[in-house]
Amino acid sequence: MFTKKNPPEEERKVRANDREYNEKFQYASNCITTSKYNVLTFLPINLFEQFQEVANTYFLFLLILQLIPQISSLSWFTTIVPLALVLSITAVKDATDDYFRHRSDNQVNNRQSQVLIRGSLQNEKWMNVRVGDIIKLENNQFVAADLLLLSSSEPHGLCYIETAELDGETNMKVRQSVSVTSELGDPNNLAQFNGEVICEPPNNKLDRFSGTLYWRDKKYALTNQNMLLRGCVLRNTEACYGFVIFAGPDTKLMQNSGRTKFKRTSIDRLMNTLVLWIFAFLVCMGVILAVGNAVWEREVGTLFQSYLPWDPPVDGFLFSAVLAFWAYVIILNTVVPISLYVSVEVIRLGHSYFINWDQQMFCSQCNTPAEARTTTLSEELGQIEYIFSDKTGTLTQNIMSFKKCSINGHSYGEVADPLGPQPKKLDFTPFNPLADPNFCFYDDTLLECVKVGDSHAQEFFRLLSLCHTVMSEEKSEGELVYKAQSPDERALVTAARNFGFVFRSRTPGTITTTEMGRTVTYTLLAILDFNNARKRMSVIVRNPEGRIRLYCKGADTVLFERLRPCKQDLINMTSDHLNEYATDGLRTLALAYRDLSEEQWEMWSESHQCAEKEEDLLSAAYEQIEQDMTLLGATAIEDKLQEGVPETIALLSLANIKMWVLTGDKQETAVNIGYSCKMLTDDMDEVFIISGQSVQRVKQELRRAREQMITQSQTKDADKKEVAEGCGEAYVTRFRRTQKQTQFPPSSKLIDNISGDFALVINGHSLAHALETDVEEEFITTACACKAVICCRVTPLQKAQVVELVKKHKRAVTLAIGDGANDVSMIKSAHIGVGISGQEGIQAVLASDYSFSQFRFLQRLLLVHGRWSYLRMCRFLCYFFYKNFAFTMVHFWFGFFCGFSAQTVYDQFFITLYNIVYTSLPVLAMGIFDQDVSDQRSLEYPKLYEPGQLNLLFNKREFFICITQGFYTSVVLFFVPYAILADASQSSGEPLADYQTFAVTTATALVIVVSVQISLDTGFWTVFNLVFVWGSLGCYFTIMFAVHSQILFRSFSNHFHFVGSAQSTLLQPVVWLTIALATAICIVPVLAFRFLKLDFKPQLSDTVRYTQLVHQKKRRPAGGSVASTWRTSEGRLGARGGSRRSGYAFAHQEGFGELITSGKNMRLSSLALASFASRHSSSWIDTLLRKKHTHTPPSRSGECTPALSHSSSVLGSSQEAPIEEETIWDSEMIPMTSHEASKDLREIANGIDSSSVENHPTRENKKIYENVESGPLGIE
């Protein structure tokens, strides 16, 4: 915890097998620590952290004051007990969290590794590994530290690793040792290795490494291709040896992990500010009462000195005033009682348990429930404005499947009747014993074509079985395992396998297949490898008959340019099929071939050999041979998303939550997923691609994108105005009224009022420039004006930097969600971190605040639990401040009638129990169980989420309203009993104007008033609410009668002085009339205000509750619910009409063609490469977006009735015109009944104010939001 920090390194020097030499540099050990405390440091550090909370320091100060008898009229235990309780609860929670971090650290640090020590391999814990050690790794083991690969069991020092923990990619990567060390495979040889490495210091750059190996008087350059980084997993390699360069916190994984940050909610920060304000207010009240004390003691108190002298320390009125000041500070401190903080923690704990217990967030497939891993952030879930999501494993399932194909102008794979019974999955086993049983295909016509020997179909699948870089591993006869560089490769080869063209094995010069049961070996003449510029790959093979043929597959836009000009009809038909597949959101590839003569091959082979060392010449050689090809057809692959991803993203978008995807994948991959999950659509106004390679270029592209957004937005706005002006004078008047609220401000704020659907895609190199200080504001301004942002090739640290940038400039609440170790820094940086318990380890879950197994659960976490938590916490705080100001300010008014003597109105027991017993449980029940609408309605009306984003329910304004109501209540509770009881008398004729009668009357009226008030504030009644409200009243009367009873007086006569006061007071009818009058004066104005507000300016939640009542009385016909529409949307019906996207988007890097043909990777058993996959889901959202409904009012004389073609869709507004204008016009031109108002309420509620609030929910739009909300019930 307090270790000395070494100075930063300029370079690192490491010598193999020489711990004594390496220890001189004091390099970090391989032990990692993510915990915050240990046994010795826990208590001081935790208390220091807790007393950084303003409230805790405030109550500690009050406790010290209460220990001074001259100024305290309250016992010290009223403060120390709650304070100790709060500190203890928080300490236990922090200790529990840190215990789990310790346990996780111990699990990692105690993993075993084989270390070469004194010539022999010994098992050592990871924590004991040192820089310079040589480690042996075996297949499927995690890499313990950042290693220089020395040798491998594979030929030429190759090994294969999976880097999912680092960058989220599950495809295999190849690493190779330096040639001079690749033969050191024996421990005896490695024990003699004494090479020295001089390299760069520790850093967080995952994709680069620079160093030099010095050995035997020679030096060898080292790059990232020679390194195995901590967090990687060794795959398909029997064993390898590595030399530790960086260990523990110096490894690139830990350098990217980010620091654990203490997270606090915006309400916590606001409460700290309010506590300071209240303390200042408390001081002001104390000063006023102290001045009053000084004046009273000087003018009046001196007259009583003979029989009421000052206490010994007091020798004058000024000193008396000073003591009175501190006494009143203690008495009035209950405006913020410490029970507030205890209650907040209890409420948050309850909210976290509701998340844990939610069966609708339980994944039965993996038996994983949702888990709230923190109890301090629940209400912030209801205020999210930006979501930052990883892609691989978070949005995708890592599954990819062959769905459709086009062969010789015929399309296969279509389902005849999507609404009818589903066809059966084809069984390929009788036809082909080598078929993959997991392969799914339903169109039997294609299988029949292959069976009857259709030449085009057979050539189609022959191409798929030959044109690839897949490796095959045959574990037993007929049991094939394909390992591919990219997931689309494996899906296509698997399809060919099932249709009778089985890829069996390869050597550097041959490919062996089984074609329709016959083994065929092709001579592999050349592989024309894939890269990002070519967007295609080809192989040239010679069949057993000696015929040479080039097979090519790639993006259709690239391939069609290289086809023979003949057969234009076939090209047109295939192009139509490709458009259909793209409409379904499938990844497409076009397939073609070319026959080569022996002379053509020989001539090209010579030019190819000459060009092999020149990149440009090689590309030109490829271009030369890939011409005049014949089209075979096209493939369509479905990239599977997790279940419900498009629906979730669309729903969150309707709630004005902006989605950013931060992924380590390449641009094409990320964009494809963006289209699949409906973040990106072809209906968007513009998708901007930022790909500049310099700071200046990136700045120009961002500025150009922003200017284009402003131009298009203003053009659209002008079009709306033209539509309005064509509708007549009445409509123009309504339009201008609305425009006053939404018109663009001058110059700099134009970008904040963008009305349109825009998206931004930026790659890793450009993002690095965009994150620089002089460009970051340009980037964040442009990006935040977009509906969706996709950042590609992003490092883990860049993910965190993007999150921090949005937090810094937008002051918005952020949420980060991911499933791998590469997402940890992002999860820690965001206000809320969510971990997906997926296939990439549990690092993300361990670092997260909330975790579950499916991305789709995010909608319920935010729109239900988050919204409820925010609503409950806001209502709780409003009521709590109200009831405590009403309680405390009575003392202030009483000070003017008791000579400013710091005398309390209530007895000490009532003061102690008021917040602990009498009023604590009802407000806790409201804070834990309250709802405004049901969970189903919360999902049906995502606009209900907006008040949290705009911070409408509890802010400084709401706080002042609450304390104003509390002031009013305190005035009524003091002066009404005071005025009535001053002249009242008992039935016996004795006066009622005594201190204890007044105290009992005021206390009883207070408890009844606050109980009635919480009954009005509660929107959802449970058994607990009823029991706690009535039980608290019962407790009050029971305890009050007990305190004034004879029994306690006889037992503790020094503490219970007023025997029978309660009984005698409450037997008087005038007392109950006084209580009833005070209650009515307090409550009736509140009821009147709420009824008027509900009638003239209802909130959206009020309208939703209204529809609930309407639906309960008269059920709407089935199918009217938007939510049910979403649930019943099936497949890709009505899918997006979209642009084609190549399946080669999923090749993350250069192909392995050169590696295959070189033979370096060949051995007795074929090597395996990994796969990654994703999926496309149904495009239901677009179908609904195209279903326009027009609400046209009947025409009046003298006014035109426009045909409003640009009306809102079911799911929100159209892009052409905002629904708000139509709603306002309709409602003001014709009277509507409540039934008519409720009929279209669902559509209105989901579409209101889409052009302003939905597109940019800024604080300036609060008024617009509230005005538009008032539509449905305000019409009635």
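Preceding block: the structure.
Conventions adopted
- Residues numbered from 1 in each chain as written.
- Predicted model: local features only at pLDDT ≥ 70, side-chain atom pairs only at ≥ 80, totals over all residues.
- Heavy atoms only, no water.
- Salt bridge = Lys/Arg side-chain N within 4 Å of Asp/Glu carboxyl O.
- Helix = DSSP H or I, 4+ residues; strand = E, 2+ residues; numbered from the N terminus.
- Buried < 20%, exposed > 50% of the residue type's maximum accessible area, 1.4 Å probe, protein only.
- Patch = residues over 30% accessible without salt bridge, like charges linked within 9 Å, V, L, I, M, F, W, Y side chains within 5 Å.
- Areas by Shrake-Rupley, 256 points an atom, 1.4 Å probe, with all protein chains shown as cover.
- Axes fitted to C-alpha atoms, helices over the stretch in contact; angles between N-to-C directions.
- Parallel < 35°, antiparallel > 145°, perpendicular 65-115°, else oblique.
- Contact = heavy atoms within 4.5 Å.
- Nonpolar A, V, L, I, M, F, W, Y, C, P; charged D, E, K, R; others polar.
- Pairing = 2+ DSSP bridges.
- Expected span 1.5 Å × (residues − 1).

(A) Quick look at the pattern of salt bridges. On inspection of all chains with the given rule, the structure shows 43 salt bridges. Ionic pairing is found between Asp133 and Arg19, a salt bridge with its closest N-O pair at 2.6 Å. Remark: Arg19 occurs in helix α1 (residues 19–23) and Asp133 occurs in the loop between β3 (120–125) and β4 (134–138); sequence separation between them is 114 residues. A salt bridge links Arg536 to Glu626, with the nearest nitrogen and oxygen atoms 2.7 Å apart. Here the residue Arg536 occupies a position in strand β23 (residues 536–542), and Glu626 occupies one in the loop between α17 (615–625) and β26 (630–641), the gap between them amounting to 90 residues. With a relative accessible area of 0%, Glu626 lands in the buried category.

(B) Broad picture of a nonpolar patch on the surface. Among the surface-exposed residues, Ile288, Phe896, Phe897, Val971, Phe975 and Tyr978 lie close enough to one another that they form a single nonpolar patch of about 510 Å² accessible area. Among the elements that make up the nonpolar patch, the one with the highest residue count is helix α32 (residues 956–983) (three residues). Positionally, Phe975 belongs in helix α32.

(C) Representation of the packing of helix α11 (residues 444–451) against helix α12 (residues 455–466). Across the interface, α11 lies against α12 with an axial gap of 7 Å and an inter-helix angle of 100°. The angle between the axes of α11 and α12 places the two elements in the roughly perpendicular class. Contact residues: α11 offers Leu446, Cys449 and Val450, while α12 offers Ala457, Gln458 and Phe461. Within the contact of α11 with α12, the residues separate by chemical class into five nonpolar, one polar and no charged.

(D) Examining the pairing of strand β1 (residues 12–15) more closely. Covered by surrounding structure in β1 are Arg12 and Val14 only, the residues Lys13 and Arg15 on the alternate face being uncovered. The pairing of β1 with strand β8 (residues 196–199) spans four bridges and is antiparallel. Bridging from a neighbouring strand, Arg15 pairs with Glu196 of β8.

(E) Representation of helix α23 (residues 773–784) in the model. Over its twelve residues, α23 runs 17 Å from end to end, which matches the ideal 16 Å to within 8%, given 1.5 Å per residue. Here α23 has its buried residues at Val775, Glu776, Glu778, Phe779, Ile780, Thr782, Ala783 and Cys784.

(F) Structural context of the pairing of strand β21 (residues 510–515). Counting buried residues in β21 gives five out of six residues, a clear majority hidden from the surface. When strand β20 (residues 501–506) meets β21, the two strands line up antiparallel, connected through five bridges. Considered in β21, the bridge of Phe501 is made with Glu515. Remark: three residues form the turn of the hairpin made by β20 and β21, two consecutive strands paired antiparallel. For β21 and strand β22 (residues 518–528), the ladder comprises six bridges, and the chain directions are antiparallel. Bridged to Thr513 within β22 is Val520.

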